[in-house]
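Below are the chains, spelled out letter by letter.
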Amino acid sequence: MTLRLSLVQLDYTVGDFDGNAKLMAQAVAAAGPADLIVFSELSLSGYYPADKLDLPAFRAGQAQALEQLVAVSRQTDAALAFGMATPNEGAGKAWFNSLVILRRGEEILRYHKQLLPDYDVFNEQRHFEPGPRHPAVMELAGVRVGFLICEDAWHDAAGLYGSDPAADLAEAGAQLLVSINASPSSVGKQAQRDALFSALSRRLHLPLVFVNQVGGNDSLVFDGASLAVDPRHGVVARLPWFETAQETLAFDPAQGFVQDGARLDVPVALPALNDSRFYYQQILLGLRGYLRKIGVRSVVVGSSGGIDSALTLALARDALGAEHVHAVTMPSRVSTPGSVSDSAVLCRNLGIALHEFPIAALVDGYGAGFASAFASDLSGLALENLQSRVRGTILMAFSNRHGPMLLTTGNKSEVAVGYCTLYGDTNGGLNLIGDLYKTEVFELALEFNRIHGAELIPEVIIIKEPSAELAEGQRDSDSLPPYPVLDEILKWHIEGVALRAEEAAAATAFVEQLMSEPGGPETVARVQQLVARAEFKRRQAPPIIKLRGRAFGAGWQMPIAAR
């Protein structure tokens, strides 16, 4: 008894039923001899369709794509396992999140996901009805295969449910578990999956395969990294990170997993990626996917000569190519000379075109008009923010006139405490670094240079003291605690248990020590207050590519009008 499995991780576009079905058809044609071809969760619609499920066009488009897959299945002897939304004809929500298996044009199995996550970025209980407690086991090539959908197999990690669908499959006599997933990527998530699925495999004494999707969908990035796990050896096969892939394995209940005639009985370690290298890969994939799926080819970034805009430009260059990235420097009366000269060196190193648009005359004109209309002078914070808003207007005008999407450049530390200007430097269509704390921005800039073996981001930018440059001699440290202090408080306050264990322990220890020092409790309370007061700004800010355990956006849902 040998079951040949083709594991397929593809980059789906949400709502592109025809395109997704064609990708799946191409994978079937490329599979070669296989008994079971496995796609990921909600592969037919892409993950996550959200309120598109409520649109009449969703039902019609998915039905048409399903007919395409039925026709494809008639041309192969392999069974096709994939995810789709199926209508619920009974009481409850209108849809099930389902796994469907087609063989030779006929549906031979339909299983509805039982455990529906509604934490962090997930909101499946809004749209789907939980499936009944009914283990989906069927025999293929003489092997009894049990099927799960994502959260059904995350039971041990979530700890939120009273049932255990994976254990039910073991009791029903499954010899192999197949889990289809849409598991978003974040730092440390790959190690978490390894540990989770290895422990599940050992607990049930069953081998399993985990099939994931890949690509950027809005704020989320899916990293692929599909797995095969042996209960004795752990992860024994691994598909690539951050790219589409398709691999065929054989499974024999007596031997375990086999590839190219060799037994897979040696653990396969995780690829060696430090945090910064991981962030680099995830951001590039996220930006490429976002632009491709909204039909935009290029970007524009306001270049201040500071580290945040420099890193954003560098990442965009690597993701899209220099010819698809534009930079604009917009000096004011209070800008330092390095605002322009450092931007020029950076853009020359990256091969990016730099445009200069001085804003002093525009700001003066606004000031004169304000004084005339309101009988008061523009000064202080109003004048500082005006400069940022003038720049934001220029960048949006460039975007409207020439077509590139504006990238926002705020890091997580600044976004958290509201150290940004609404309708100014918060303008844009996507933020690449908004889930990186300021200390991580510096680390990634250094890693960028190491990746390229050259000082593409000039050292003078990396070591420059951070400043918004909206007032004479202004420094971030005038308004905020030092970033190494601020970032540890923010990790503790914003992410908490979503941090990796070692990060959580370090942040907790740091804050506890700070609270015991003179002025420490006041510093912590002030940071918490700044985070709360900035909520209205984050609600109006562009999407942020999720990189860490808890990112602003769907993963952070806080009221604005609250104490």
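Residues numbered from 1 in each chain as written. Predicted model: local features only at pLDDT ≥ 70, side-chain atom pairs only at ≥ 80, totals over all residues. Heavy atoms only, no water.

Chemist: I'd like a rundown of the nonpolar core, residues and numbers included.
Modeler: Counting 51 residues, the largest nonpolar core has Leu5, Leu36, Phe147, Val178, Phe197 and Phe257 as its most contacted members. Looking at this core, the element that brings in the most residues is strand β7 (residues 143-149), giving five residues. Once residues within four sequence positions are removed from consideration, Phe147 is found in contact with Leu36, Ala81, Leu99, Ile101, Leu109, Tyr111, Ala136, Met138, Leu140, Leu169 and Val178. Of all hydrophobic cores here, the second largest spans 50 residues; its members include Ala225, Val299, Leu311 and Leu430. (Core = buried A, V, L, I, M, F, W, Y, C linked by side-chain atoms within 4.5 Å. Buried < 20%, exposed > 50% of the residue type's maximum accessible area, 1.4 Å probe, protein only. Helix = DSSP H or I, 4+ residues; strand = E, 2+ residues; numbered from the N terminus. Contact = heavy atoms within 4.5 Å.)

Chemist: Describe the packing of aromatic side chains, naming the residues involved and giving the relevant values.
Modeler: By the definition in use, this model includes 16 aromatic pairs. Among the aromatic residues, those joined into a ring-pair cluster are Tyr47, Tyr48, Phe128 and Phe222. Of note, Lys412 hangs over the ring of Phe552, and the distance from its end group to the ring centre comes to 5.8 Å. Positioned above the aromatic ring of Phe552, the side-chain terminus of Arg538 is 4.6 Å from the ring centre. (Phe/Tyr/Trp six-rings, centres within 6.5 Å; stacked < 30°, edge-to-face > 60°. Lys NZ or Arg CZ within 6 Å of the ring centre and 35° of its normal.)

Chemist: Which residues make up the pairing of strand β18 (residues 325-329), and what are the values?
Modeler: Most of β18 sits out of view: four of its five residues are buried. For the crossover that starts at strand β17 (residues 299-302), traverses helix α7 (residues 307-320) and ends in the parallel β18, the hand is right-handed. Bridge analysis of β18 against strand β19 (residues 353-356) gives four bridges, and the strand direction is parallel. What sits directly across from Thr329, in β19, is Glu356. With helix α8 (residues 338-350) bridging β18 and the parallel β19, this β-α-β connection has right-handed handedness. (Right-handed = clockwise from strand over helix to strand, strands pointing away. Pairing = 2+ DSSP bridges.)

Chemist: Talk me through unusual backbone geometry; I want residue IDs and the actual numbers.
Modeler: Cis geometry is found at the peptide bond from Tyr47 to Tyr48, where omega equals 15°. Among the secondary structure elements, Tyr48 is positioned in the loop between β2 (36-38) and α2 (56-73). The phi angle at Arg104 is positive, at roughly 50°, despite the residue not being glycine. Within the element layout of this structure, Arg104 appears in the loop between β4 (95-103) and β5 (106-112).

Chemist: Break down the packing of helix α15 (residues 501-515) against helix α16 (residues 520-533) for me, citing the residues and quoting the values.
Modeler: In contact at an axis separation of 7 Å, α15 and α16 are set at 125° when each is read in the N-to-C sense. Accordingly, the angle class assigned to the pair α15 and α16 is oblique. Two secondary-structure elements touch here, α15 through Val511, Leu514 and Met515 and α16 through Gly520, Pro521 and Val524. Residue composition of the contact of α15 with α16, grouped by class: five nonpolar, one polar and no charged. (Axes fitted to C-alpha atoms, helices over the stretch in contact; angles between N-to-C directions. Parallel < 35°, antiparallel > 145°, perpendicular 65-115°, else oblique. Nonpolar A, V, L, I, M, F, W, Y, C, P; charged D, E, K, R; others polar.)

Chemist: Help me get a handle on the sheet that holds strand β20 (residues 405-408), residues and values and all.
Modeler: On the basis of which strands lie adjacent, the open sheet formed by five strands has the order β19-β18-β17-β20-β21 and parallel pairing. Only two strands of the sheet have a single neighbouring strand rather than two, namely β19 and β21 (430-431). Where β17 meets β18, four bridges bridge the pair, whose relative direction is parallel. From the neighbouring strand, Gly302 faces β18, where its bridge partner is Val328.

Chemist: So, the environment of Val299: which residues are in play, and what are the values?
Modeler: Turning to its location among the elements, Val299 is positioned in strand β17. Judged by relative accessible area, which is 0%, Val299 ranks as buried. For Val299 and Arg317, which are 18 residues apart along the polypeptide, the C-alpha to C-alpha distance reads 9.4 Å. When neighbours within four sequence positions are excluded, Val299 is seen to be in contact with Leu291, Ala316, Leu320, His324, Val325, His326, Pro404, Met405 and Leu407.

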